[in-house]
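Letter by letter, the chains look like this.
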Amino acid sequence: MSNTRSIANVYAGVPTTDGAGVKLTRMIGTPELDQVDPFLMLDRMDTDEPDAYIAGFPDHPHRGFETVSIMFEGQMHHWDSVGNEGELKPGDVQWMTAGRGIIHSEIPEMLEERLRGFQLWINLPAKHKMVAPKYQDIPADQIPVVTFDGGSVRVIRGTYEELTGPAESLMSVRVLDVNLTTGAGWSISLEDGRNLFLCVHEGSVNSDSREVAAPSIITFDGDGDVQVTAGDSGASILYCEGTALNEPIARYGPFVMNTHSEIRQAVEDFNSGSFGKF
Ligand code: FE
């Protein structure tokens, strides 16, 4: 019989404002939960106010990590300095390796009554921080789905039940979009020593004898499987797993490097206009 990991902590996230006054909930990258190494940040967008995101996230740089945008409801128009442009529709994922630098703009738009999605930042190790930028737009129909009695799992990155997600990353992370119906159980095996978090973003789950309602981040202790049971209105869960980098982190706005001098260099490079020219 395999072990089951116990809950280390549950975090409610912090309301914050980013971009051009966009209101969101920062779930990771907060004073209480600085990171779940190698995951640096998770922002959750969820609004039914048509004007809440209208100005979006105009031109801004990134260096030193990967950004992942996942849309559930609504869409996001994006553009970048490497020449990519497109529209993320509901269910689509954009996976970008910012590497040594990219400038992009992200403008979410409500399609019906709600806008809902995530932005996740995944750190890169020192040896990959200055790689050339790479970008992937992944339409929903290219994301394999494992269905079972009581739910489904969309495999965005990594392998689950013999299906491998289309996202290419320099990090050996696993990212799954898990949806469970009322009372359904779900468990997943992972290698000992791997880090993970669950972001319960709809409904609620029971895990390790605790009831956790959305929106929440759950972190775990120990090794072994993770087990959850969906609550009365089911559950939607973003599952993220990776191997900790255990490297020093110097973070300044949209730049995440290892040292302060690398951050100074990033700011200088950006100010001198050398970002996004390759
Ligand atoms: Fe961005």
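The structure contained in this document is the topic of the report that follows. (Residues numbered from 1 in each chain as written. Predicted model: local features only at pLDDT ≥ 70, side-chain atom pairs only at ≥ 80, totals over all residues. Heavy atoms only, no water.)

Here we come to the side chain of Gln 94. Tracing the backbone shows Gln 94 in strand β9 (residues 93–97). The exposure class of Gln 94 is buried, given its relative accessible area of 1%. Engagement of the side chain of Gln 94 in a polar contact is seen with the side chain of His 78, the distance being 3.2 Å. Excluding anything up to four places from it in sequence, Gln 94 contacts Thr 67, Val 68, Ser 69, His 78, Leu 88, Tyr 135, Gln 136 and Asp 137. (Helix = DSSP H or I, 4+ residues; strand = E, 2+ residues; numbered from the N terminus. Buried < 20%, exposed > 50% of the residue type's maximum accessible area, 1.4 Å probe, protein only. Polar contact = N/O pair within 3.5 Å; in protein donor to acceptor, adjacent residues only side chain to side chain. Contact = heavy atoms within 4.5 Å.)

What follows deals with the coordination of the iron ion. Binding of the iron ion to the protein goes through His 60 (NE2), His 62 (NE2), His 104 (NE2) and Glu 106 (OE), at separations of 2.1 to 2.4 Å. Geometry at the iron ion is irregular, judged from its four donor atoms and the angles of 81 to 177° they form at the metal. Positions of the donor residues of the iron ion, expressed as sequence spacing, correspond to H-x1-H-x41-H-x1-E. Taken together, the positions of His 62 in strand β5 (residues 57–62) and Glu 106 in strand β10 (residues 102–109) put the pair 44 residues apart, joining distant regions of the chain. Considered together, His 62 and Glu 106 belong to a single accessibility category, that of buried residues. (Donors = N, O, S within 2.8 Å, 3.2 Å for Na, K, Ca; no water. Tetrahedral: all angles 85-135°; square planar, octahedral: opposite > 155°, others 65-115°.)

With that settled, consider the sheet that holds strand β7 (residues 75–80). Taking strand neighbours across the sheet as the criterion, the four strands line up as β5-β10-β7-β8 in an open arrangement whose pairing is antiparallel. Looking at which strands have only one partner, the edges of the open sheet turn out to be β5 and β8 (85–88). Adjacent strand axes in the sheet meet at a mean angle of 25°, parallel and antiparallel pairs treated alike. In the sheet, β5 pairs with β10 via four bridges, with the strands oriented antiparallel. The residue bridging His 62 from the neighbouring strand is Ile 102, located in β10. (Pairing = 2+ DSSP bridges. Axes fitted to C-alpha atoms, helices over the stretch in contact; angles between N-to-C directions.)

On the secondary structure map, Arg 210 appears in strand β20 (residues 210–213). By relative accessible area, Arg 210 is classed as partly exposed at 38%. Sequence separation of Arg 210 and Ala 167 is 43 residues, and the distance between their C-alpha atoms is 33 Å. Not counting the four nearest positions on each side in its chain, Arg 210 is found in contact with Ile 7, Val 10 and Val 205.

Together, Asp 48, Glu 49, Asp 51, Glu 112 and Glu 113 make up a negatively charged patch on the protein surface. Here Glu 112 is to be found in the loop between β10 and β11 (115–123). For Glu 112, a relative accessible area of 70% translates into the label exposed. (Patch = residues over 30% accessible without salt bridge, like charges linked within 9 Å, V, L, I, M, F, W, Y side chains within 5 Å. Areas by Shrake-Rupley, 256 points an atom, 1.4 Å probe, with all protein chains shown as cover. Salt bridge = Lys/Arg side-chain N within 4 Å of Asp/Glu carboxyl O. Lys, Arg positive; Asp, Glu negative; His and termini not counted. Charge placed at Lys NZ, Arg CZ, Asp CG, Glu CD.)

Once that is clear, we can look at helix α1 (residues 260–271). Taking 1.5 Å of rise per residue, the twelve residues of α1 would be expected to cover 16 Å, and the 16 Å separating its terminal C-alpha atoms lies within 8% of that figure. Burial in α1 covers these residues: Ile 263, Ala 266 and Asp 269. The arc enclosing the buried residues of α1, seen along the axis, measures out at 125°, which places them on a common side. With respect to the buried face of α1, the exposed residues turned more than 90 degrees away are His 260, Arg 264, Glu 268 and Asn 271. Those residues of α1 that are buried are in contact with β23 (250–252) and β24 (255–257). (Expected span 1.5 Å × (residues − 1). Arc of directions from axis to C-beta.)

A few words on the pairing of strand β17 (residues 174–180). Both faces of the sheet carry side chains from a regular strand, because those side chains alternate between them. Within β17, six of the seven residues are buried, which leaves the element mostly enclosed by the surrounding structure. Relative to strand β22 (residues 226–242), β17 runs antiparallel, the two sharing seven bridges. Bridge pairing links Arg 174 to Glu 241 in β22.

Let us look at the packing of aromatic side chains. The geometry of an aromatic ring pair is captured by the separation of the ring centres together with the interplanar angle, meaning the angle of the planes. Going through the model one piece at a time under the given rule, you end up with eight aromatic pairs. Pairing Tyr 160 with Trp 186 gives two aromatic rings, centres 6.2 Å apart and planes at 50°, and the pair type is tilted. Of the two residues, Tyr 160 sits in strand β15 (residues 159–160) while Trp 186 sits in strand β18 (residues 185–188), which places them 26 residues apart along the sequence. Side by side, Tyr 160 and Trp 186 carry an identical accessibility label, which is buried. Following the ring pairs from residue to residue traces out a cluster consisting of Tyr 160, Trp 186 and Tyr 239. (Phe/Tyr/Trp six-rings, centres within 6.5 Å; stacked < 30°, edge-to-face > 60°.)

So, about the pattern of salt bridges. Applying the stated criterion across every chain yields a total of 14 salt bridges. A salt bridge links Glu 73 to Arg 114, with the shortest nitrogen-to-oxygen separation between them at 3.9 Å. In this pair, Glu 73 sits in strand β6 (residues 65–73) while Arg 114 sits in the loop between β10 and β11, placing the two residues 41 residues apart along the sequence. With a relative accessible area of 27%, Glu 73 lands in the partly exposed category.

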